[in-house]
Amino acid sequence: MFIGHYAVGLAAKKAAPQVSLGTLFIAAQFLDLLWPIFLLLGLERVEIAPGNTAFTPLAFVYYPFTHSLVAALAWATLFAFLYLTTRRSSRGAILVWVAVVSHWVLDALTHRPDLPLYPGSETLFGFGLWNSVAGTLIVEAILYALGVVLYRKATRALDRIGSYGFWALIIVLALIYAANVFGPPPPNVRVLAVVALFQWLFVFWAYWVDRHRESVAG
Ligand SMILES: [Zn+2]
């Protein structure tokens, strides 16, 4: 799942307007923002194996520190704790906790069984929506559209950065998703990891756009 995670970040704005979209993007995509770092450090492993599922050429061979259920709960708790101590909002902290955990839940929906319960565990989760390209596209497109609608309802643009900057972000995310789905597989894991690191750009973009929008009451 890719834009489905961003959809969660967008939708969450309605539940906690004081939390920036940038923070919500970090939370919803936290496990995948960490993952390329763990790949580059050699602590986790992925293989490029076209046909692994219909949807992605990636075989997630070993990624327990970012994508086991226990690790996801731990990262969520750490993230929520940091949010609580710096921002002093328990509502915001609960929301970012839920957003981090939502990443694992959505991944479990789409991946084939490759998400471990905890590092070293033989118990693997994954309901395999990725076995259907159409099914995945439909689910992610609906989630994304919902996320965009909810974020737009919860906020109002203060200026052009808030409006055009927002739409540019939404369109670029959708285009990158399409390129991932319909483009060729990455040439090697290093390139994949470096490209994946660029996702941090969307986080900064979201902080920027969010500062140029205000929350709408109600
Ligand atoms: Zn993931």
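Counting from 1, residues in each chain are numbered in the order their sequence is written. For this predicted model, a pLDDT threshold of at least 70 governs which residues receive local features, and a threshold of 80 or more governs which side-chain atom pairs are given and counted, while totals over whole chains, interfaces and linings are taken from all residues. In computing side-chain values, all of the structure's heavy atoms are included and hydrogens and water are not.

1. With respect to the overall build of the protein chain
Right, on to step 1. The numbering of helices and of strands both runs from the N terminus, where a helix is a DSSP run of H or I of at least 4 residues and a strand a run of E of at least 2. Looking only at helices and strands, one finds ten helices and six strands in the protein chain.
Right, on to step 2. We compute the radius of gyration over the C-alpha atoms and compare it with the globule rule, which gives 2.2 Å times the number of residues raised to the power 0.38. Whereas a compact globule of 218 residues would reach a radius of gyration of roughly 17 Å, the protein chain reaches 17 Å, a difference of no more than 12%.
Right, on to step 3. Taken over the C-alpha atoms alone, the protein chain extends approximately 45 × 35 × 30 Å along its principal axes.
Right, on to step 4. Residue contacts are defined here by distance: any two heavy atoms, one from each residue, within 4.5 Å place the two residues in contact. A separation threshold of at least 6 residues defines the contact pool for the protein chain, and within that pool the share at least 24 residues apart is 69%.

2. Quick look at the coordination of the zinc ion
Right, on to step 1. Metal coordination here is assigned from N, O and S atoms located within 2.8 Å of the ion, or within 3.2 Å for Na, K and Ca; omission of water means that sites may look incomplete. The protein atoms donating to the zinc ion are Asp32 (OD), His67 (NE2), His103 (NE2) and Asp107 (OD), with metal-donor distances spanning 2.0 to 2.2 Å.
Right, on to step 2. Every geometry call rests on angle ranges, with four donors termed tetrahedral when all angles are between 85 and 135 degrees, four termed square planar and six termed octahedral when opposite donors are over 155 degrees apart and all others are between 65 and 115, and everything else termed irregular. Bound by four donor atoms, the zinc ion shows angles of 83 to 175° at the metal and therefore irregular coordination geometry.
Right, on to step 3. When the donor residues of the zinc ion are listed from N- to C-terminus, their spacing reads D-x34-H-x35-H-x3-D. Within this pair, whereas Asp32 is found in helix 3 (residues 30-40), its partner His103 is found in helix 6 (residues 90-110), the two being separated by 71 residues in sequence. No difference in accessibility class separates Asp32 from His103, as the two residues are buried. To sort residues, take the accessible area from a 1.4 Å probe on protein chains only and compare it with the maximum for the residue type: under 20% means buried, over 50% means exposed, and anything in between is partly exposed.

3. Overview of the nonpolar core
Right, on to step 1. Leu10, Phe25, Trp35, Tyr144 and Leu173 are the most contacted members of the largest nonpolar core, which has 55 residues in total.
Right, on to step 2. The biggest single contributor to this core is helix 6, with eight residues.
Right, on to step 3. In this structure Leu10 touches Leu21, Phe25, Tyr144, Gly147, Val148, Tyr151, Phe166 and Ile170, once residues within four positions along its chain are discounted. Only buried residues count toward a nonpolar core. Its members are Ala, Val, Leu, Ile, Met, Phe, Trp, Tyr and Cys residues joined through side-chain atoms within 4.5 Å.

4. With respect to the packing of helix 3 against helix 6
Right, on to step 1. It is at 8 Å that the axes of helix 3 and helix 6 come closest, and there the two elements cross at 80°. By the angle between their directions, the pair helix 3 and helix 6 is classed as roughly perpendicular. Taking contact as the criterion, the partners of Phe30, Leu31 and Asp32 in helix 3 are, on helix 6, Val100, His103, Trp104 and Asp107.
Right, on to step 2. In this classification, Asp, Glu, Lys and Arg are treated as charged, Ala, Val, Leu, Ile, Met, Phe, Trp, Tyr, Cys and Pro as nonpolar, and every other residue, Gly included, as polar. Residue composition of the contact of helix 3 with helix 6, grouped by class: four nonpolar, one polar and two charged. The axes are straight lines fitted to the C-alpha atoms, using for helices just the contacting stretch, and the angles between their N-to-C directions are given from 0 to 180°. If an angle is under 35 degrees, it is roughly parallel; if it is over 145, roughly antiparallel; if it lies from 65 to 115, roughly perpendicular; otherwise it is oblique.

5. Examining helix 8 (residues 160-182)
Right, on to step 1. Compared with an ideal rise of 1.5 Å per residue, which puts 23 residues at 33 Å, helix 8 spans 32 Å between its outermost C-alpha atoms and is within 8% of the ideal.
Right, on to step 2. For helix 8, the complete set of buried residues consists of Gly162, Gly165, Phe166, Leu169, Ile170, Leu173, Tyr177 and Val181.
Right, on to step 3. Buried residues in helix 8 make contact with helix 1 (3-12), helix 2 (21-28), helix 7 (133-154), strand 5 (155-157), helix 10 (200-211) and strand 6 (213-215).
Right, on to step 4. By the criterion applied in these results, polar contacts are pairs of N or O atoms within 3.5 Å in which, for protein atoms, one can donate a hydrogen and the other can accept it, and in which residues neighboring in sequence qualify only through two side-chain atoms. Capping of helix 8 at its N-terminal end is provided by Asp159; its side-chain oxygen lies 3.1 Å from the backbone amide nitrogen of Ile161. For a helix, the expected span equals 1.5 Å multiplied by the residue count minus one.

6. Re the environment of Asp32
Right, on to step 1. Relative accessible area serves as the criterion here: at 13%, Asp32 is assigned to the buried category.
Right, on to step 2. Residues Asp32 and Pro119, spaced 87 residues apart in sequence, show a C-alpha to C-alpha distance of 17 Å.
Right, on to step 3. Polar contacts involving the side chain of Asp32 include one to the side chain of His103, which spans 3.1 Å.

7. Description of the pattern of salt bridges
Right, on to step 1. A pairing counts as a salt bridge when a side-chain nitrogen of Lys or Arg comes within 4 Å of a carboxyl oxygen of Asp or Glu. In this structure the tally under the stated criterion is three salt bridges.
Right, on to step 2. Note that Lys13 is salt-bridged to Asp210, the shortest N-O span being 3.1 Å. Linking Lys13 in the loop between helix 1 and helix 2 with Asp210 in helix 10, this pair joins segments that are 197 residues apart in sequence. Like Lys13, the residue Asp210 is buried in the burial classification.
Right, on to step 3. A salt bridge links Arg156 to Glu214; the shortest N-O distance between them is 3.1 Å. Of this pair, Arg156 sits in strand 5 while Glu214 is found in strand 6, placing the two residues 58 residues apart along the sequence.
Right, on to step 4. The partly exposed category is assigned to Arg156, whose relative accessible area is 45%.
Right, on to step 5. A relative accessible area of 31% means that Glu214 is categorised as partly exposed.

8. Let's talk about the packing of helix 2 against helix 6
Right, on to step 1. Contact pair helix 2 / helix 6: the axes reach a minimum separation of 7 Å and the direction vectors enclose 40°. Taken together, the axes of helix 2 and helix 6 lie oblique to each other. Each of Thr23, Leu24, Ala27 and Ala28 in helix 2 lies in contact with helix 6, whose residues at this interface are Leu95, Val96, Ala99, Val100 and His103.
Right, on to step 2. Per-class residue counts for the contact of helix 2 with helix 6 are seven nonpolar, two polar and no charged.

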